[in-house]
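# Notes for the structure review
Each chain, written out:
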Amino acid sequence: MKILVAYYTKTGNTKKVAEAIYEALDKNDKTLKPMKEVEDVQGYDLIFCGFPVHAHSVPVPAQSFLKKIRPDAKVALFSTHGSQREGQMPKEAINNAVGLVKAEVLGSFTCRGGVEQEIIDELMNRPEHRAWAAEAQSAKSHPDRADLDDAQFFAKNIIKKALSFEGYTKK
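Here is a short report on the structure shown in this document. (Residues numbered from 1 in each chain as written. Predicted model: local features only at pLDDT ≥ 70, side-chain atom pairs only at ≥ 80, totals over all residues. Heavy atoms only, no water.)

## Observations regarding the overall build of the chain
Put simply, the rule is: By definition, any uninterrupted DSSP run of H or I lasting at least four residues is a helix, any uninterrupted run of E lasting at least two residues is a strand, and each is numbered from the N terminus. Each residue is assigned to one of three classes by its accessible area relative to the maximum for its type, calculated with a 1.4 Å probe on protein chains only: buried under 20%, partly exposed between the two thresholds, exposed over 50%. The contact rule is simple, with two residues in contact once any of their heavy atoms fall within 4.5 Å. Residue-level accessible areas treat just the shown protein chains as cover; the underlying method is Shrake-Rupley with a 1.4 Å probe. Positive charges come from Lys and Arg alone, negative charges from Asp and Glu alone, with His and the N- and C-terminal ends not counted. Note that the charge is assigned to NZ on lysines, CZ on arginines, CG on aspartates and CD on glutamates.
Each helix and strand in the chain was counted, giving six helices and five strands. Put simply, the chain runs from its N terminus to its C terminus through helices and strands in the order β-α-β-β-α-β-α-β-α-α-α. Along the first, second and third principal axes, the C-alpha atoms of the chain reach 55 × 30 × 25 Å. When burial is assessed residue by residue, the chain has 48% of its 171 residues classed as buried. Once local pairs closer than 6 in sequence are excluded, the contacts in the chain between residues at least 24 apart make up 78%. For the chain, the accessible area works out to roughly 8800 Å², and carbon and sulfur atoms hold 48% of it. Between the mean site of the 25 positive side-chain charges and the mean site of the 23 negative ones, the chain shows a separation of 3 Å.

Here you go:
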């Protein structure tokens with residue numbers, strides 16, 4: 001099985017999660033790259049795709065990448081965000097990502113990630129966004145070791161799911 005871990009990051013949070021996922025994969029045929037450096041997604045059987053949540057959704061560069069994945073591939077999605085882990089925004093973003101992918105999505109993972117201070121400052125000045133900005137301030141220390149451990153657990157479970165499909169056997 002040929003595996004790609006691709007990510008789009010602005011602050012480095014999603015890259016940290018991507019690296020943790022990559023480390024958890026005990027397969028020899030694996031690649032870790034930013035989405036912008038992936039020239040061809042056609043040769044991969046399993047693709048982990050990571051992105052930060054922007055305004056309840058998937059950033060445009062990640063949207064373009066997700067649309068390129070061939071229908072017979074298997075996909076696992078992961079995201080970072082300033083919201084609480086089970087918050088509405090990360091759920092909406094993952095649902096939006098699932099809608100962009102033509103391939104089978106085996107699962108998803110989200111974790112908190114620090115938000116740029118200038119974004120928090122700007123949103124604190126807007127009454128309709130003040131509550132979220134205050135919440136996002138508490139994400140500064142994320143992703144932390146527990147988040148990265150959870151990402152590795154997620155990756156191992158996705159591998160088990162992928163191997164259970166016809167045509168894959170664990171070696």
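That shown, we press on.
## Topic: the packing of helix α1 (residues 13-24) against helix α6 (residues 145-164)
Where we set the bar: A fitted line through C-alpha atoms represents every axis, and for helices the fit uses only the stretch in contact; the resulting angles, taken between N-to-C directions, go from 0 to 180 degrees. For classification purposes, angles smaller than 35 degrees are called roughly parallel, those larger than 145 roughly antiparallel, those between 65 and 115 roughly perpendicular, and all remaining angles oblique. For a crossing to be left-handed, the near helix must be turned anticlockwise from the far one by less than a right angle; the clockwise case is right-handed. Amino acid classes used here: Ala, Val, Leu, Ile, Met, Phe, Trp, Tyr, Cys and Pro are nonpolar; Asp, Glu, Lys and Arg are charged; the rest, including Gly, are polar.
Packing of α1 against α6 leaves a shortest axis separation of 8 Å and a crossing angle of 45 degrees. The angle between α1 and α6 falls in the class oblique. As for how α1 packs across α6, the hand of that crossing is right-handed. When α1 is examined against α6, the residues K16, V17, A20, I21, E23 and A24 are found in contact with a partner set consisting of L148, A151, Q152, F154, A155 and K156. A per-class count over the contact of α1 with α6 returns eight nonpolar, one polar and three charged.

## A short note on unusual backbone geometry
The peptide bond linking H142 to P143 adopts the cis configuration, its omega dihedral lying at -5 degrees. Mapping P143 onto the fold places it in the loop between α5 (130-137) and α6.

## Some thoughts on the pattern of salt bridges
Pairing between side chains of opposite charge can happen when the charged atoms of each approach one another. How we decide: Take a side-chain nitrogen of Lys or Arg and a carboxyl oxygen of Asp or Glu: if they are within 4 Å of each other, that pair is a salt bridge.
A complete count under the given rule lists eight salt bridges for this structure. Of the charged contacts in the structure, one is a salt bridge between R70 and D72, with a shortest N-O distance of 2.5 Å. With relative accessibility at 16%, the residue R70 sits in the buried group. It is possible to trace a salt-bridge network through shared partners that takes in D45, R70 and D72.

## Some details on the pairing of strand β4 (residues 74-81)
Rule in force here: When DSSP finds two or more bridges between two strands, those strands count as paired. Looking down the strands as they point away from you, a crossover is right-handed if its path from the first strand over the helix to the second goes clockwise.
Buried residues dominate β4, accounting for eight of its eight residues. Of the two faces of β4, both are covered, the one formed by K74, A76, F78 and T80 as well as the one formed by V75, L77, S79 and H81. As paired elements, strand β3 (residues 46-52) and β4 share seven bridges and run parallel to each other. Paired with C49 across the strands is L77, a residue of β4. Running through helix α2 (residues 60-67), the crossover from β3 to the neighbouring parallel element β4 is right-handed.

## Regarding the side chain of R70
Worth spelling out the cut-off: Under this definition, polar contacts are N or O atom pairs within 3.5 Å; protein pairs additionally need one hydrogen-donor-capable and one acceptor-capable atom, and for neighbouring residues in sequence, both atoms have to be side-chain atoms.
Along the polypeptide, R70 turns up in the loop between α2 and β4. A polar contact of 2.5 Å, which involves the side chain of R70, links it to the backbone oxygen of Y44. At 2.5 Å, the side chain of R70 forms a polar contact with the side chain of D72. Those residues in contact with R70, other than ones at most four positions away along the chain, are V41, Q42, G43, Y44, D45 and A103.

## A few points about the side chain of T110
Along the chain, the position of T110 falls in strand β5 (residues 104-112). Overall, T110 belongs to the buried group, its relative accessible area being 13%. A distance of 3.5 Å separates polar atoms of two side chains, one belonging to T110 and the other to H81.

## Focus: α5
Selection rule: Arc definition: it is the arc formed by the directions from the helix axis to the C-beta atoms.
Buried residues of α5: W132, A133 and A136, and no others. What you see down the axis of α5 is that its buried residues fit within an arc of 100 degrees, all on one side. Looking at the buried positions of α5, the neighbouring elements they touch are α3 (88-100), β5 and α4 (117-124).

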